[in-house]
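Chains, contacts and geometry: an overview
Read off the chains here:
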Amino acid sequence: MEKQKLTIEQVLAMDLPNIILYAAPVMIGLVIIEWVVSFYKKRNYYDGKDTLAATAIGLTNVAISAGIKLITFGLILFFYNLVPWSIPYTWWSFVLCLIWIDFWRYWAHRIAHENRFWWATHVTHHSSEKYNWSVSFRLGWTQHIKIIFFIPVALAGFHPFVFFVCHQIEVLYQFWIHTEYIRKLPKPIEYFFTTPSHHRVHHARNDKYLDKNYGSTFIIWDRIFGTFQPEEEQADYGITRPVNSYNPVYLCFHEWIDIIRDIKNSKSLKEAYVMTFVRPSRLEDKKKLFRGE
């Protein structure tokens, strides 16, 4: 039986549930509770200006997502219609889609740490030197271009409704792992799923923790591809070149500004290319190389 192609009007008419919007009041409430508990226990887990900046970034992101909704839907729909096959729209397709999305989220996340261009879309999330639930709101405003990494999900034949529900679940999962209060969980959970312990490692700038634990919902990808690191010493949070700003706009664009400046200062196309796509951890070494130091 020939696959019936969908139109953007049909997808929008499905009344896709905005799970993140429904969950937002709960997440904000939990942030407030964690903040109050930290204040009461005299734990230095929160910084007022840092949390306000994260909230401003998060709210703007919600607006951007709404503004580009048609573009996002259209892109996924285009590639879904491009292939002649489809995966049946059943309960188990949600399970398979969640796993397949998570696989591509691992690679999108890994590339965003190992390539400066993509790092510019992600660095906002790591620039806080605190680690709490509000940090999950700090998603750079240019991170939406990473939708191209999920084209393989559409090409696999997952129904757009299934894709968007599973993608929202993946995004929501990230909230609870941004906390100091949940320590290590039972071994079966720690082995298969990304936990706060794993993600604390990911947000750290300790040498042994850099560029580790990219897993979104499942940590199993890190174990398979050699990027897993268990939590051992206390994490020192933030990025290796601190931003020292609470300005939401600057927090979202400072790396893009630096890239443009480095391209302008480049003396060749090769240097400009390297300055744009170099691994961030090797940036200074590459600059010295081009300067002949």
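The model shown is predicted, which means the values in this text are computed figures rather than measured ones. (Residues numbered from 1 in each chain as written. Predicted model: local features only at pLDDT ≥ 70, side-chain atom pairs only at ≥ 80, totals over all residues. Heavy atoms only, no water.)

1. What to know about the overall build of the chain
- Helix and strand content of the chain: 14 helices and 0 strands.
- Along the chain direction, N to C, the helices and strands of the chain fall in the order α-α-α-α-α-α-α-α-α-α-α-α-α-α.
- For 293 residues, the compact-globule estimate of 2.2 N^0.38 gives 19 Å, and the C-alpha radius of gyration of the chain, at 20 Å, lies within 12% of that figure.
- Dimensions of the chain, computed from C-alpha atoms along their principal axes, come out at roughly 65 × 55 × 35 Å.
- The contacts of the chain with a sequence gap of at least 6 include a subset with a gap of at least 24, amounting to 75%.
- Here the chain contributes 32 positively and 26 negatively charged side chains, and the mean placements of these two sets differ by 2 Å. (Helix = DSSP H or I, 4+ residues; strand = E, 2+ residues; numbered from the N terminus. Rg over C-alpha atoms; globule rule 2.2 N^0.38 Å. Contact = heavy atoms within 4.5 Å. Lys, Arg positive; Asp, Glu negative; His and termini not counted. Charge placed at Lys NZ, Arg CZ, Asp CG, Glu CD.)

2. Considering unusual backbone geometry
- Of note, D211 is a non-glycine position whose phi angle comes to about 55°, a positive value.
- With respect to the element layout, D211 can be found in the loop between α10 (196-202) and α11 (220-225).
- We note that N244 has phi near 55°; this positive angle belongs to a residue other than glycine.
- Within the secondary structure layout, N244 lies in the loop between α11 and α12 (248-264).
- Residue N244 is classed as exposed on the basis of its relative accessible area, which comes to 72%. (Buried < 20%, exposed > 50% of the residue type's maximum accessible area, 1.4 Å probe, protein only.)

3. Digging into helix α6 (residues 116-126)
- α6 sits mainly inside the fold: 10 of its 11 residues count as buried.
- Taken together, the buried positions of α6 are R116, W118, W119, A120, T121, H122, V123, T124, H125 and H126.
- Next to the buried residues of α6 lie α3 (48-67), α5 (91-114), α10, α12, α13 (269-277) and α14 (283-291).
- At the N-terminal boundary of α6, the capping side chain belongs to N115, with an oxygen 3.0 Å from the backbone nitrogen of F117. (Polar contact = N/O pair within 3.5 Å; in protein donor to acceptor, adjacent residues only side chain to side chain.)

4. Some points on the packing of aromatic side chains
- Tallied over the full model, the rule gives 28 aromatic pairs.
- Aromatic side chains F78 and F79 sit 5.0 Å apart centroid to centroid with 90° between the ring planes, which places their arrangement in the edge-to-face category.
- Its relative accessible area of 48% is what places F78 among the partly exposed residues.
- Between Y106 and W107, the ring centres sit 5.1 Å apart and the planes meet at 85°, which makes this aromatic pair edge-to-face.
- The exposure class of Y106 is buried, given its relative accessible area of 0%. (Phe/Tyr/Trp six-rings, centres within 6.5 Å; stacked < 30°, edge-to-face > 60°.)

5. Details of the nonpolar core
- Among the nonpolar cores identified, the biggest contains 22 residues, and C97, I101, V153 and F163 are the most heavily contacted of them.
- Going through the elements one at a time, α4 (69-82), α5, α7 (151-155) and α8 (160-176) are the ones with two or more residues in this core.
- Residue contributions to this core peak at 6 residues, all from α8.
- Among residues more than four places away in sequence, those in contact with V153 are C97, W100, I101, W104, F158 and F163. (Core = buried A, V, L, I, M, F, W, Y, C linked by side-chain atoms within 4.5 Å.)

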